[in-house]
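Take a look at the letters that make up each chain.
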Amino acid sequence: MVKNLFKLRENGSNVRTEVTAGITTFLTMVYIVIVNPAILSSVGIPLDQVFMATIIAAVIGTLLMAFFANYPIAIAPGMGLNAYFATVVGAEGLSYQTIFGAVFLAGVLFILLSLTKLRETLIFAIPASLKFGITAGIGLFIAFIGLREAGFVVASEATLVTLGDLSDKTVMLALIGLLLILIFISLKIKGSLFIGMLVTGLLAYFTNQLQFDGLVDTPPMPVFFDIDIAGVFSNGLYGVVFVFLLVTLFDTTGTMIGVAEQAKLMKDGKLPRAKSALMADAVATTTGSLFGTSPSSAYIESAAGVGAGGRTGLTSLVVGLLFIMTMFFSPIINAISMVPAITAPVLIIVGCFMMEGLAKIDWKKFDEAFPAFAIILTMPLTSSIATGIAVGFITYPLMKALGGSAKSVHPLLYIFGLIFLIQMIFFPVH
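Quick caveat: nothing in here was measured; it's all calculated off a predicted structure.

Visitor: So what about the overall build of the protein? Which residues, and what values?
Guide: Helix and strand counts for the protein stand at 20 helices and four strands. Relative to the compact-globule value of 22 Å for 430 residues, the protein shows a C-alpha radius of gyration of 21 Å, a close match. Counting across all 430 residues of the protein, residues that qualify as buried make up 56%. Long-range contacts, defined as pairs at least 24 residues apart, comprise 82% of the intrachain contacts of the protein with a sequence gap of at least 6. Of the accessible surface of the protein, which amounts to about 18000 Å², a share of 68% is contributed by carbon and sulfur atoms. Side-chain charges of the protein comprise 22 positive and 22 negative groups, with the mean position of each set lying 16 Å from the other.

Visitor: Could you give me a rundown of helix α3 (residues 32-41), with the residues and numbers involved?
Guide: Residues lying three or four places apart along an α-helix face the same way, a consequence of the helix completing one turn every 3.6 residues. Taken together, the buried positions of α3 are Ile32, Val33, Asn36, Pro37 and Leu40. Across the axial projection of α3, the buried residues extend over an arc of 120°, all falling on one side.

Visitor: Would you mind going over the packing of aromatic side chains in detail, with residue names and values included?
Guide: Following the criterion strictly, the structure yields twelve aromatic pairs and no others. Arranged with centres 6.1 Å apart and planes meeting at 45°, the rings of Phe370 and Phe373 form a pair that is tilted. In this pair, Phe370 and Phe373 are both assigned in helix α18 (residues 366-382), three residues apart and thus about one turn of the helix distant. Classification of Phe370 by relative accessible area gives partly exposed; the value is 30%. Judged by its relative accessible area of 40%, Phe373 is partly exposed.

Visitor: Please give an account of the pairing of strand β3 (residues 160-163) that cites residues and values.
Guide: Regular strands place side chains that alternate from one sheet face to the opposite one. As paired elements, strand β2 (residues 153-156) and β3 share four bridges and run antiparallel to each other. The partner of Val154 across the bridge, within β3, is Thr162. Connecting β2 to the antiparallel partner β3 that follows it, the hairpin turn spans three residues.

So, how was this worked out
- Residues numbered from 1 in each chain as written.
- Predicted model: local features only at pLDDT ≥ 70, side-chain atom pairs only at ≥ 80, totals over all residues.
- Heavy atoms only, no water.
- Helix = DSSP H or I, 4+ residues; strand = E, 2+ residues; numbered from the N terminus.
- Rg over C-alpha atoms; globule rule 2.2 N^0.38 Å.
- Buried < 20%, exposed > 50% of the residue type's maximum accessible area, 1.4 Å probe, protein only.
- Contact = heavy atoms within 4.5 Å.
- Areas by Shrake-Rupley, 256 points an atom, 1.4 Å probe, with all protein chains shown as cover.
- Lys, Arg positive; Asp, Glu negative; His and termini not counted.
- Charge placed at Lys NZ, Arg CZ, Asp CG, Glu CD.
- Arc of directions from axis to C-beta.
- Phe/Tyr/Trp six-rings, centres within 6.5 Å; stacked < 30°, edge-to-face > 60°.
- Pairing = 2+ DSSP bridges.

And the structure:
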């Protein structure tokens, strides 16, 4: 029944591979269950409320992705957007309930857009060079996150980043984990990424880097409708709603393109069942705001599961079920999330996997090459998928128009290029 429901045979996959991929994706993104509450609780939101809201949003979005879109793409509250949420609450001196109202309205608009062909048309309108640039940019972003979490690179006042202390026990553990996975991949062992994380976790446990403070705990009670929609209008927060909508829209669209391209799910430059896939994060964003968390987005860490062989919604189903389990096993999740050396090597290797599309960009055509290069350069250096996409959308139509090829560009790219330019100047997301 599972094979037929998720069309495993048609997608060249099997139950074992999909389960392994789901576990892999989950382990690389479960940090959000710890990080998101930490960020949002800093502006007064009860930590337990955010903890449950994070899980609820992730479960709803990911299961919708599994059953209606049949893609190995996980959904959860997005990094960056949670920081922006906290910044708005702090800078504007408004209650978090009012900003949740802004998130809710953005989510409703998100759903309405997903019911139309606008988002789907946008994916079709994006030229191949930008799509491959987005994929590679996300790959470098993932790899940089992995390098940073592992301690391979650290902050530097002189050069911004520099080589970390390789003698540090965390860095050494991550390095061993990276070498193990490289060995497993070279030997063509299936599930190399997950097996590598498992072995690294065992090494962390026996070297006292992984410690458990209990195993099971009772889930906190979720809080529902702790929002102030009227406050959005009385305070004129239309710009905040727009930023939430815009950044979530393109974070998710870019990530879906990147992961789908990596999984070879794109058909002639198009994403089948795009409307169902795009609706999943829209519903997750709206639902999450009602329980108490920032907007949701498709997760770049889904590429880790794709790298482990995930090709269908069964991967997402496994992720969703594991998120449900985190309600009861929060002490274990917290312990694993506190040892980034376990998951960091996977992010680095997946980043390499996502460079494949660069060979398909026509580097001899500068008006095709530079926008892709700008995306690839900007995403990791700004730690923002949305910013990278914005730069690509601005430079591509501009260069085409200046080069006399204005008619070859889809009108939507001109519209969104202008919107992005306005957003970056007047409504920057930090």
